[in-house]
Amino acid sequence: MGCLLIPDRVKESIYDLSPDALRSVGVRLVLCDLDNTLSPYEETLPSPRLTAWKEALEEAGVTLFVVSNSRKSHRCPDFCEALGVPYVRHAGKPGTKGFRAALARAGVSADQAVMVGDQIFTDILGANRAGIATVLVKPMAWGKNPGRLLRYAAETPFRLLGRRGGGHN
Ligand SMILES: [Mg+2]
C-alpha cells in the first residue's frame, strides 16, 4: 500500500467510475464522501446525473454508501435519504471507525470495497488505514473558503503521486 496519503487511483470525478468495470474487478461496495465528491456543499438534493449513476451502480450489483464528516445536523441524512443510499455521518475520518461501521452494515469485506473522496487527509488517509482501496477525485467546487485552497495546495504532492486512469474505470 505504501504511503497512507497516496491514493490508489486519481480521477476527475465520480462519473469516471464505471459501475460495470467496478463490478468486474470484484467491487461490491462504493464508499463515498458527500461534500464536494457526490455534491457541491450548497446543493441540498441529488442531481439527476448523480441519481442515474447510483441507479447504474445498483443495476451492476454495487451498493453506494456515504461516509461523511459533515457537521451540519441535517445535511447528510437529508441528502442520503433523497438519493436512497445508506450513510454513516460524523464518520470521524481519517479515523477508521466510520469505515468499519459502513463495511459491517453493508456486510462487505474491505477488499470488496473502494472509497472515493476529494480530500487526502480525511478520505484517503482514513480508507487506506482501514485497508480499503482509494480513489481521489477533484473537489466539485471551491466555494468561498480560502482554507480549502490552502489544503488543496498541501495535498498536491499526494495527488500527483496517485495513479491516473487504470483500474476501477
Ligand atoms: Mg469532501
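In the block above lies the structure referred to throughout.
Numbering of residues starts from 1 in each chain and follows the order in which that chain's sequence is written. This being a predicted model, a pLDDT of at least 70 is required before a residue's local features are given, and a value of 80 or more before pairs of side-chain atoms are given or counted; all residues contribute to the totals for chains, interfaces and linings. As a rule here, side-chain values cover all heavy atoms of the structure and leave hydrogens and water aside.

S.K.: Just give me the short version of the coordination of the magnesium ion, but keep the residues and values in it.
M.R.: Here the coordinating atoms are restricted to nitrogen, oxygen and sulfur within 2.8 Å of the metal centre, or 3.2 Å for Na, K and Ca, and because water is not among them the sites may look incomplete. In the first shell of the magnesium ion, the protein supplies D33 (OD), D35 (O) and D118 (OD), at 2.1 to 2.2 Å from the metal. Here the donor residues of the magnesium ion share one chain and are spaced in sequence as D-x1-D-x82-D. Three exposure classes are used, based on accessible area relative to the maximum for each residue type with a 1.4 Å probe and protein chains only: buried under 20%, partly exposed in between, and exposed over 50%. The exposure class of D35 is buried, given its relative accessible area of 10%.

S.K.: I'd like a description of the state of the cysteines, backed by residues and values.
M.R.: Cysteine sulfur pairs qualify as disulfides if the two atoms are within 2.5 Å. Inspection of every chain in the model, using the stated rule, returns zero disulfides. No disulfide involves C32; its sulfur sits 9.6 Å from the nearest other cysteine sulfur, which is in C80.

S.K.: Could you give an account of the pairing of strand β2 (residues 29-32), with specific residues and numbers?
M.R.: For the purposes of this entry, the term helix denotes a DSSP run of H or I that reaches at least four residues, the term strand denotes a run of E that reaches at least two, and both are numbered from the N terminus. Side chains L29 and L31 project from β2 onto one buried face, and the interleaved V30 and C32 project onto a second face that is buried too. Strand pairing is assigned whenever DSSP identifies at least 2 bridges connecting the two strands. Where β2 and strand β3 (residues 63-67) come together, four bridges link them in parallel fashion. Considered in β3, the bridge of L29 is made with T63. Handedness of a crossover: with both strands directed away from the viewer, a clockwise path from the first strand across the helix to the second marks it as right-handed. At this point the chain moves from β2, through helix α2 (residues 48-59), to the parallel β3, and the crossover so formed is right-handed. Bridging between β2 and strand β5 (residues 113-117) involves four bridges; their strand directions are parallel.

S.K.: Account for unusual backbone geometry, naming residues and giving values.
M.R.: In this chain, K93 is followed by P94 through a cis amide linkage whose omega measures 15°. In this structure, P94 sits in the loop between β4 (87-88) and α4 (97-106). Phi at N36 is positive, roughly 75°, even though this residue is not glycine. Of note, N36 is situated in the loop between β2 and α2.

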